[in-house]
Amino acid sequence: IRAEAAPEQEDDDEDEEPTLAGYAVLTEEDGTVGEIVAIDDSVAANPLFIVRRTDGTELMLPAADDFVVSLDDEAKTITLRLPKGLLNLDEAEEA
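Residues numbered from 1 in each chain as written. Predicted model: local features only at pLDDT ≥ 70, side-chain atom pairs only at ≥ 80, totals over all residues. Heavy atoms only, no water.

Tallying secondary structure elements over the protein gives one helix and six strands in all. Along its sequence from the N terminus, the protein presents helices and strands in the succession β-β-β-β-β-β-α. Considering the protein as a whole, with its 95 residues, one finds that 25% of them fall into the buried category. For the protein, the exposed area adds up to about 6900 Å²; of that, 43% sits on carbon and sulfur atoms. (Helix = DSSP H or I, 4+ residues; strand = E, 2+ residues; numbered from the N terminus. Buried < 20%, exposed > 50% of the residue type's maximum accessible area, 1.4 Å probe, protein only. Areas by Shrake-Rupley, 256 points an atom, 1.4 Å probe, with all protein chains shown as cover.)

Here it is, written out as structure tokens:
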């Protein structure tokens, strides 16, 4: 996903890229997941949101456009449609 600067923002600092850090992550099924604390774009073909869950743990979620349902810059929220079970992978590994 590519975050673009809001039109009303001036581009006086062209080196600074817009970020989604601080945005709340929501899913259609589970509601609030947590907050984006960083984006790992070390592999350009597969960027990841680093999300701090409401319980304090962190998880990585794909930042692919295919999963993004909506992005609300005013409310600072991003709503994702994730594959079933993706949020529960930690629990599956422990079993």
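Anyway, onward from the coordinates.
Counting 14 residues, the largest nonpolar core has Val 25, Ile 36, Phe 49, Val 51, Leu 61, Ile 78 and Leu 80 as the members making the most contacts within it. Elements that contribute at least two residues to this core include exactly β2 (31–40), β3 (48–53), β4 (58–62) and β6 (77–80). The residues contacting Leu 61, other than those within four sequence positions of it, are Val 25, Pro 47, Leu 48, Phe 49, Val 51, Leu 80, Leu 82, Leu 86 and Leu 87. (Core = buried A, V, L, I, M, F, W, Y, C linked by side-chain atoms within 4.5 Å. Contact = heavy atoms within 4.5 Å.)

For the structure shown, the criterion picks out two salt bridges. A salt bridge links Glu 28 to Arg 81, with the nearest nitrogen and oxygen atoms 2.7 Å apart. Here Arg 81 lies in the loop between β6 and α1 (89–94) and Glu 28 lies in the loop between β1 (24–27) and β2, a separation of 53 residues in the sequence. Measuring nitrogen to oxygen at the nearest pair gives 3.3 Å for the salt bridge that ties Glu 58 to Arg 52. (Salt bridge = Lys/Arg side-chain N within 4 Å of Asp/Glu carboxyl O.)

A few words now on the environment of Ile 50. The topology assignment puts Ile 50 in strand β3. Between the C-alpha atoms of Ile 50 and Ile 39, which are 11 residues apart in sequence, the distance is 5.7 Å.

Okay, the pairing of β1 next. Residues Val 25 and Thr 27 point to one face of β1 and are all buried, whereas Ala 24 and Leu 26, pointing to the other face, are not buried. Bridge count between β1 and β2: four bridges; the pairing is antiparallel. Residue pairing in the sheet places Ala 24 in a bridge with Glu 35 of β2. Between β1 and β2, which follow one another and run antiparallel, lie three residues. (Pairing = 2+ DSSP bridges.)

Our next topic: the sheet that holds β4. Spatial strand order, β4-β3-β2-β1-β6-β5: six strands in an open sheet with mixed pairing. Two strands lie at the open edges of the sheet, namely β4 and β5 (68–72), each paired on one side alone. Taking the axes of each pair of neighbouring strands and ignoring which way they run, one obtains an average angle of 35 degrees across the sheet. (Axes fitted to C-alpha atoms, helices over the stretch in contact; angles between N-to-C directions.)

Moving on, we come to the side chain of Thr 77. Mapping Thr 77 onto the fold places it in strand β6. Beyond its immediate stretch of four places on either side in the chain, Thr 77 contacts Tyr 23, Ala 24, Leu 26, Ser 70, Leu 71 and Asp 72.

On average, the protein scores 80 in pLDDT, and the residues at 70 or more come to 75%. Across the protein, the element-wise mean pLDDT spans from 57 in α1 up to 96 in β6. Low pLDDT, under 50, characterises residues 2–7; the predicted model gives this stretch five contacts beyond four residues in sequence or across chains. (pLDDT = per-residue confidence, 0-100.)

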